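Examining the three-dimensional arrangement
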Amino acid sequence: QVQLVESGGGLVQAGDSLRLSCAASERIAMGWFRQAPGKEREFVAALSRSGAITNYADSVKGRFTISRDNAKNTAYLQMISLKPEDTAVYYCAARLGFDARVPATSVAYVYWGQGTQVTVSS
């Protein structure tokens, strides 16, 4: 069982930056999803186990960066130029396997964090 612990959420203003962290109990391929009130969970970004391959939702390309520190088994989501529409609960997810795929579908991920709230005020 892989444990995921997220941190870094908060309340910021539009245009601000925020960095989310997700500490895993082992090295594993990871991704970030988010869910706004009344909406379905949506893909944000994914990172391969090595960290060499990334995938982003069109809505965050150029503003969000996913990265990892393999020595700490921790993934990060650096968010800049935040918009009110980025407001959501952000979930870290992890998937099994040693391949380089970076899927954007939630069914590909087996383990999920508890979620961290990000609120962007206008």
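Residues numbered from 1 in each chain as written. Predicted model: local features only at pLDDT ≥ 70, side-chain atom pairs only at ≥ 80, totals over all residues. Heavy atoms only, no water.

Focus: the pattern of salt bridges
Quick note on the threshold: We define a salt bridge as a contact between a side-chain nitrogen of Lys or Arg and a carboxyl oxygen of Asp or Glu at a distance within 4 Å. Exposure classes here rest on a 1.4 Å probe applied to the protein chains alone. A residue is buried below 20% of its type maximum, exposed above 50%, and partly exposed in between.
Enumeration over the complete set of coordinates arrives at 6 salt bridges. Linking D58 and K61 is a salt bridge whose minimum nitrogen-to-oxygen distance equals 3.2 Å. Owing to a relative accessible area of 66%, D58 belongs among the exposed residues under this scheme. Its relative accessible area of 49% is what places K61 among the partly exposed residues. As a salt-bridge pair, D99 and R95 come within 3.1 Å of each other at their nearest N and O atoms.

Looking at the state of the cysteines
The following threshold applies: Cysteine sulfur pairs qualify as disulfides if the two atoms are within 2.5 Å. Secondary structure elements follow DSSP: runs of H or I no shorter than four residues count as helices, runs of E no shorter than two count as strands, and numbering proceeds from the N terminus.
Here the structure, examined in full by the defined rule, presents 1 disulfide. Disulfide partner of C22: C92, at an S-S distance of 2.0 Å. On the sign convention where negative is left-handed, the bridge of C22 and C92, at about -80° about the S-S bond, is left-handed. With a gap of 70 residues between them, C22 in strand 3 (residues 18-24) and C92 in strand 9 (residues 88-95) connect regions that are remote in the sequence. In terms of burial, C22 and C92 fall into one category: buried.

Topic: the sheet that holds strand 7 (residues 64-69)
To keep things clear, this is the line we draw: Only strands joined by at least two bridges in the DSSP assignment are considered to pair. Note on definitions: angles span 0 to 180 degrees between N-to-C directions of axes, and those axes are lines fitted to C-alpha atoms, for helices only across the stretch in contact.
Taken in spatial order, the 4 strands line up as 1-3-8-7 in an open sheet, and their pairing is antiparallel. Looking along the sheet, the strands with just one partner apiece sit at the ends: strand 1 (4-7) and strand 7. Going from strand to strand, the sheet's axes swing by 15° on average, the running direction of each strand aside.

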